[in-house]
Each structure stands twice: as C-alpha cells, then as structure tokens.
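# Report on the structure
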Amino acid sequence: QVQLVQSGGGLVQAGGSLRLSCAASGSIFSIKDRTWYRQAPGGQREWVASITSGGATNYADSVKGRFTISRDDASNTMYLQMDSLKPEDTAVYYCNARIVSVGSTLAGLQYWGQGTQVTVSS
C-alpha cells in the first residue's frame, strides 16, 4: 500500500535547473532516511544525496554545491533541486525512503520510486 511516486524530470540545457519530487502515500506512520540515486545508461546505480529524519544532509562529490535535497513532512514529499546541470548529470533518478507503516515496527522498510529521466543537453 505504501508507494513513492516521482515527478519533475525532463529535458534541460546545460546550466539549467530542474526540481524532482517524490511523494509518499499509503498508511504511513513516519518516514526515516530519504535518499536520491541515479543510473546512467550502462552504468551502476549511484548514490546522489540523502537526508535524515533529523535534517542532516550528505551529497556525492559530483553534485556538491549544485544539488540540494530537502523534504516537506506535511506532504510526505522529498525533493532534489538540481542547479547548474551538466550533461554528465543525465540519468534516470530514483528516490528511496525508509518508511514506517501504521502498526509496523519502528525500523520500517525501504521503498523505491519508479524513476524519472533527466536529460541535460549541451
């Protein structure tokens, strides 16, 4: 019943910006750590950024200073603001979150979004 639905991908020129959204729905008690990953064609899934329930953030070196991860607890939505985009940022972006369902253990389970294509042209 719990799911993550992504939106906000698309095509943008180098130097432009995009904001990705990932909304959680279902019988949610709480959301713990939230993470963004990306996967380029033929590549491995790469960690991009994460934010804890306490608000601490971490970023991959490749996106530091350009990407910002955030969350809105009222709407159970996480975001990835991407600025100064480069062609090498082209990938399918996935959100991931550890979610505690109503009536479940406090540890929660990992859930994945469906993926959103981001294409940066030069």
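Our subject is the structure that appears above.
Residues numbered from 1 in each chain as written. Predicted model: local features only at pLDDT ≥ 70, side-chain atom pairs only at ≥ 80, totals over all residues. Heavy atoms only, no water.

### Description of the overall build of the protein
- A count of helices and strands for the protein gives zero helices and eleven strands.
- A compact globule built from 122 residues would reach a C-alpha radius of gyration of about 14 Å, and the protein, at 14 Å, matches this within 12%.
- Seen through its C-alpha atoms, the protein measures out along the principal axes to roughly 50 × 25 × 25 Å.
- Per-residue burial for the protein yields a buried fraction of 41% across its 122 residues.
- Taking the contacts inside the protein whose residues are at least 6 apart along the sequence as the reference set, 55% of them involve residues at least 24 apart.
- As presented, the protein carries roughly 6300 Å² of accessible surface, and 49% of it is formed by carbon and sulfur atoms. (Helix = DSSP H or I, 4+ residues; strand = E, 2+ residues; numbered from the N terminus. Rg over C-alpha atoms; globule rule 2.2 N^0.38 Å. Buried < 20%, exposed > 50% of the residue type's maximum accessible area, 1.4 Å probe, protein only. Contact = heavy atoms within 4.5 Å. Areas by Shrake-Rupley, 256 points an atom, 1.4 Å probe, with all protein chains shown as cover.)

### Thoughts on the sheet that holds strand β3 (residues 18-25)
- Read from one edge of the open sheet, four strands run β1-β3-β8-β7, paired in antiparallel fashion. Of all strands in the sheet, those bounded by a partner on one side alone are β1 (3-7) and β7 (67-72). Across this sheet, the average inter-strand angle for adjacent strands is 15°, counted without regard to direction.
- Across six bridges, β3 lies against strand β8 (residues 77-82) in antiparallel orientation. Bridge pairing links R19 to Q81 in β8. (Pairing = 2+ DSSP bridges. Axes fitted to C-alpha atoms, helices over the stretch in contact; angles between N-to-C directions.)

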